[in-house]
Amino acid sequence: MTDASTCFVGSQGNNLYLSDEEDVSLSRPSQNLSKEFAEAARQLKKEAPRIQFGKIDVTDQHDLRKEFNIHQFPTVKFFVDGSRQDPTDCKGVREASAFITWVKRRTGPSTVLINSTAQAEDTINVEDMAVIGFFKELHDDSVEAFCETARDVPEMPFGMTTSEEVCTNYGIQKNTLVVFKKGKPVHNEVLEDGNQNKLDPTRLIKTFTLDLVTEYNLEATRLLQAVCDSTAYTPWQTSVKIFDVPVESHILLFTSKNSQTFNVTYENYKSAAVEFRGKITFVLVDTNETRNGRVSEHFHITEADVPAVRILNLTRDAKYKMPADEVNVENLRHFCQSYLDGKAELHLSSEEIPEDWDKMPVKVLVGKNFNRIVFNETMTVFVMFYDAPWSYDYTKLLPIWDKLGEEYESRKGIIIAKIDVTANDILSIVLDRYPFFRLFPAGPDYQVVAYAGEHTLKAFSEFLEEQSKTKAESREKDPSGGIKEDLSQEENVVTQKAEL
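Within each chain, residue numbers correspond to sequence positions counted from 1 in written order. Two thresholds apply to this predicted model, a pLDDT of at least 70 for residue-level local features and 80 or more for giving and counting side-chain atom pairs, whereas whole-chain, interface and lining totals are computed over all residues. Only hydrogens and water are set aside; all other atoms, that is, all heavy atoms of the structure, feed into the side-chain values.

> I would appreciate a short explanation of the overall build of the protein chain in the present structure.
Secondary structure is summarised from DSSP: a helix means a run of H or I of at least four residues, a strand means a run of E of at least two, and numbering begins at the N terminus for each. Counting its regular elements, the protein chain contains 14 helices and 20 strands. Exposure classes here rest on a 1.4 Å probe applied to the protein chains alone. A residue is buried below 20% of its type maximum, exposed above 50%, and partly exposed in between. Going through the 500 residues of the protein chain one by one, you find that 49% of them count as buried. Of the contacts made within the protein chain by residues no fewer than 6 positions apart, 73% connect residues no fewer than 24 positions apart. Note that accessible areas follow from Shrake-Rupley with a 1.4 Å probe, and for residues the cover is restricted to the protein chains shown. For the protein chain, the exposed surface amounts to about 25400 Å²; the carbon and sulfur share of it is 47%. Note on contacts: a residue pair qualifies if any of its non-hydrogen atoms lie within 4.5 Å across the two residues.

> Is there a simple way to think about the packing of aromatic side chains in this case?
Two aromatic rings, taken as a pair, are described by how far apart their centres are and by the angle between their planes. Think of it this way: a Phe, Tyr or Trp ring, Trp meaning its six-membered ring, pairs with another when their centres are within 6.5 Å, and the plane angle makes it stacked under 30 degrees, edge-to-face over 60, tilted otherwise. The final tally for this structure, using the stated rule, is 29 aromatic pairs. Ring plane angle 75 degrees and centroid distance 5.7 Å describe the contact between Y170 and F180, whose orientation is recorded as edge-to-face. Highlighted residues: Y170 in the loop between α6 (164–169) and β8 (176–181) and F180 in strand β8, separated in sequence by 10 residues. Where F370 meets F375, the ring centres are 6.2 Å apart and the plane angle is 80 degrees; that geometry is what we call edge-to-face.

> Sorry, what's going on with the packing of helix α9 (residues 262–275) against helix α11 (residues 329–340) here?
Orientation of α9 relative to α11, taken along the N-to-C sense of each, is 40 degrees, at an axis distance of 9 Å. One way to sum up the angle between α9 and α11 is to call them oblique. Crossing handedness for the pair α9 and α11: right-handed. In contact with N268, Y269, S271, A272 and E275 of α9, α11 contributes V329, L332 and R333. Note that Gly is not counted as nonpolar here; it falls among the polar residues with everything else outside the nonpolar set of Ala, Val, Leu, Ile, Met, Phe, Trp, Tyr, Cys and Pro and the charged set of Asp, Glu, Lys and Arg. Of the residues in the contact of α9 with α11, the class split is 4 nonpolar, 2 polar and 2 charged. Each axis is a line fitted through C-alpha atoms, taken for helices only over the stretch in contact, and angles between the N-to-C directions span 0 to 180 degrees. Here is the rule for angles: anything less than 35 degrees is roughly parallel, anything more than 145 is roughly antiparallel, 65 through 115 is roughly perpendicular, and the remaining ranges are oblique. For a crossing to be left-handed, the near helix must be turned anticlockwise from the far one by less than a right angle; the clockwise case is right-handed.

> So what exactly am I meant to see when it comes to the sheet that holds strand β11 (residues 249–255) here?
Pairing between strands is defined by DSSP: at least two bridges between the two strands are required. Taken together, the 5 strands give an open sheet; going across it, the order is β10-β12-β11-β13-β14, and neighbouring strands pair in mixed fashion. Every other strand in the sheet has two partners, leaving β10 (213–215) and β14 (318–321) as the edge strands with one partner each. Strand-to-strand twist across the sheet, computed as the mean angle between neighbouring axes with direction ignored, equals 30 degrees. In this structure, strand β13 (residues 308–313) lies alongside β14, joined through 4 bridges in antiparallel fashion.

> Sorry if this is basic, but what is going on with the environment of Q43 here?
Checked against the element boundaries, Q43 lands in helix α1 (residues 28–47). Take Q43: its relative accessible area is 36%, and that puts it in the partly exposed class. Those residues in contact with Q43, other than ones at most four positions away along the chain, are A96 and I100.

> Would you mind going over the nonpolar core with me for this structure?
Generally speaking, a soluble globular protein has its nonpolar side chains buried in company with each other. If you look at the biggest cluster of nonpolar residues, it comprises 21 residues, and the most contacted ones within it are I251, I280, F282, V309 and L332. Where this core is concerned, the elements lending two or more residues are β11, α9, β12 (281–286), β13, β14 and α11. If near-sequence neighbours (up to four positions away) are discounted, F282 is found in contact with L212, V213, T214, I251, Y269, A272, A273, F276 and C336. What makes a nonpolar core is a set of buried Ala, Val, Leu, Ile, Met, Phe, Trp, Tyr and Cys residues whose side-chain atoms join them at distances within 4.5 Å.

> So what exactly am I meant to see when it comes to the sheet that holds strand β9 (residues 184–190) here?
For sheets, the rule is that strands pair by backbone hydrogen bonds, running either parallel or antiparallel. The strand order across the open sheet formed by 5 strands is β5-β7-β6-β8-β9, and the pairing between neighbours is mixed. Since the sheet does not close on itself, it has two edges, and those belong to β5 (112–113) and β9, each with one partner. Strand contacts of helix α5 (residues 141–152): β6 (129–134), β7 (158–161) and β8, with the helix running at about 165 degrees to β7, the strand carrying the most contacts.

> Sorry if this is basic, but what is going on with the pattern of salt bridges here?
Where charged atoms from two side chains of opposite charge come close, those side chains can pair. Think of a salt bridge as a Lys or Arg side-chain nitrogen and an Asp or Glu carboxyl oxygen that are within 4 Å of each other. Per the counting criterion, the structure on display carries 17 salt bridges. Taking the shortest distance from any N to any O, the salt bridge between K182 and D128 comes out at 3.9 Å. With a gap of 54 residues between them, K182 in the loop between β8 and β9 and D128 in the loop between α4 (117–125) and β6 connect regions that are remote in the sequence. What makes K182 exposed here is its relative accessible area of 61%. The salt bridge involving K319 is made with D425; its shortest N-O contact spans 3.1 Å. Of the two residues, K319 is situated in strand β14 and D425 in the loop between β17 (414–420) and β18 (436–440); the sequence distance between them amounts to 106 residues. Note on K319: relative accessible area 6%, which makes it buried. Each of R106, E144, E148, R151 and D152 takes part in one network of salt bridges that share partners.

> It is not clear to me how helix α3 (residues 96–107) should be interpreted in this structure. Could you clarify?
An α-helical turn contains 3.6 residues, so any two residues separated by three or four positions project in the same direction. Multiplying 1.5 Å by the helix residue count minus one yields the expected span of that helix. Along its 12 residues, α3 runs 17 Å from first to last C-alpha, staying within 8% of the 16 Å computed at 1.5 Å per residue. Along α3, the residues classified as buried are A96, A98, F99, I100, W102, V103 and R105.

> Honestly, the environment of Y451 in this entry has me stumped. Any pointers?
Secondary-structure assignment places Y451 in strand β19 (residues 448–451). With 67 residues separating them in the primary sequence, Y451 and M384 have C-alpha atoms 9.8 Å apart.

> When you look at the side chain of T202 in this model, what are you seeing that I'm missing?
Checked against the element boundaries, T202 lands in helix α7 (residues 199–207). Dropping the residues within four chain positions of it, T202 is found in contact with T149, D152, V153 and P246.

> Mind showing me how you'd approach unusual backbone geometry here?
Note on backbone geometry: most residues besides glycine have negative phi, and most peptide bonds are trans. Here the bond from V306 into P307 is cis, since omega is -5 degrees, no more than 30 degrees from zero. For P307, the location among the structural elements is in the loop between α10 (293–298) and β13. Positive phi, close to 50 degrees, is recorded for D86, a residue that is not glycine. Its location among the elements puts D86 in the loop between β3 (75–79) and β4 (88–89).

Just distances and angles here, no functional claims.
Right, dumping it as C-alpha cells:
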C-alpha cells in the first residue's frame, strides 16, 4: 500500500472497502492513524453495528479522488445513509477514542445537557480540558453553532446549560462559551445570536490544546523528513498536534535555546502570543537542534540571521519577514497586526544569478531570473523543480536531464532549465511533489503544462515533441502527455507573458 490511502466511515448501507495489505510503506503518521482507525472500528462493532468503517487505497483510483476532492493523505470522510453526496471531512482526528466520539456526536447528541452546578463540575474535571456553553434558552442560532463546534472537537467533553443556578455560580449573564483547563476557566467568549461563524469557536477552542508557544520538536522533524518532497510546505500540515488547529497562519521564532538572551527573547515572544491566540499560532524553532535544519533551510535562515522571525501562511505557502531586527513585544505586535491587516510585504528569497547560468545545456534558474526566462513568450521552457540537490531522486535524474539539455541545446526556441526551490521562492507556480516538471509554451496565450510521464530521456523527449506539435496545430488542445495548469492565484507574481 502506498501513502495515498483514504479511510471512509459511514452508516449502514454503504459499500466500503478495507485493504488487507500490510502498511509497511506508509509514513509513520499514516501508520498510526490506520491503527487508531482500526481500533475505533473494533470498539464500535458491537456497540454501534450500524456504523461501518472501511479503508481504500486510492493510489490509482483517480476518478474516486476527483469525485471526493481528495488531495491530501491520509483523508477520512463520513458518509450518511449510503449517500455519496457531500460526505463530511473528519479532520485532525488521530486517536481511536476521538474517532469514536466524533462519530457518536455525528449520529447522536453532540453535548451533555447540564442541570446543576455539581454536574457542571463533573464535566469540567473529567478531562484536562472541557467546554461549557451557557445559554438563556436552547432554541437559537448560538446553540446550534455551539453543537456544531462540539461535533468538530471530539478531543474534549462539551456541555451546555440554561440553568440559572449554574450560570449564576460561574458569573455568566449572556450566551457564553467558556473553555476550562484543569478545572479552571481560561477563556470566555460571548456568542452573538445569529452572527456566529462556526470556525471561530472551533479554532479558538483548539488553540487552547496548545501552549501559547509550541516548540517545533523531534516528532514534527520526523514528519517533515518523511514527507519533505511534498508540495510547498505541506509537512507543516501533517504534524501531530500543532497542525490540527485550524489556524492558517504560523509565526516562527528561530533562535538558539542556549543563547544568553534566550529567556528575554522567549518571554517577549510569549507575551505577544497572548494577544493573537486563535489568529496566529506561535512556534519556536531551536536552531541549536541539528534535526531542525530542514526547517531553517525551508525559510532560508542562516546562523547569521538568528534570532529571526517569519510568518508562514499555510494555505498559500507565502512567507513574511519581520522588518525589525530586535525581537521585542512592540515589534512582534506590529508585525503580526500588519500581516493580519494585509499590509505586510511578502518575503521572496533568491540566490544570486550565477555568471554561467546559461553556459551549459541545462540553464540554471533562480528567483531573480525565473520570470524573465520562463515567461518569455518567444521561448518554450521546460523546467525541473527540485528541493534537495543531494537527494537520491535528484542525483538519479540529473544525468538524464543533462542529456535532455544536450539534445535540445541547438533547437531554436526551446530551453531546458532547472531551479532549486529550497533556495528560491516561486509564487507563480503551484508547487507539487518534488522533483516535478512544468512546460512553459511560447506565445502570449500560453497555459503551463504539468508533466506527468516517466522520468526517462525518451519520455521527456516525446513529451516535448508532442507539445510542440500540438502547439502548432491548436493552442487550445490539451495533449494526453500533460495536464494544463491554471495559474490564476491570488498572489501570482506573473500571470501573463504580455505583462513582461
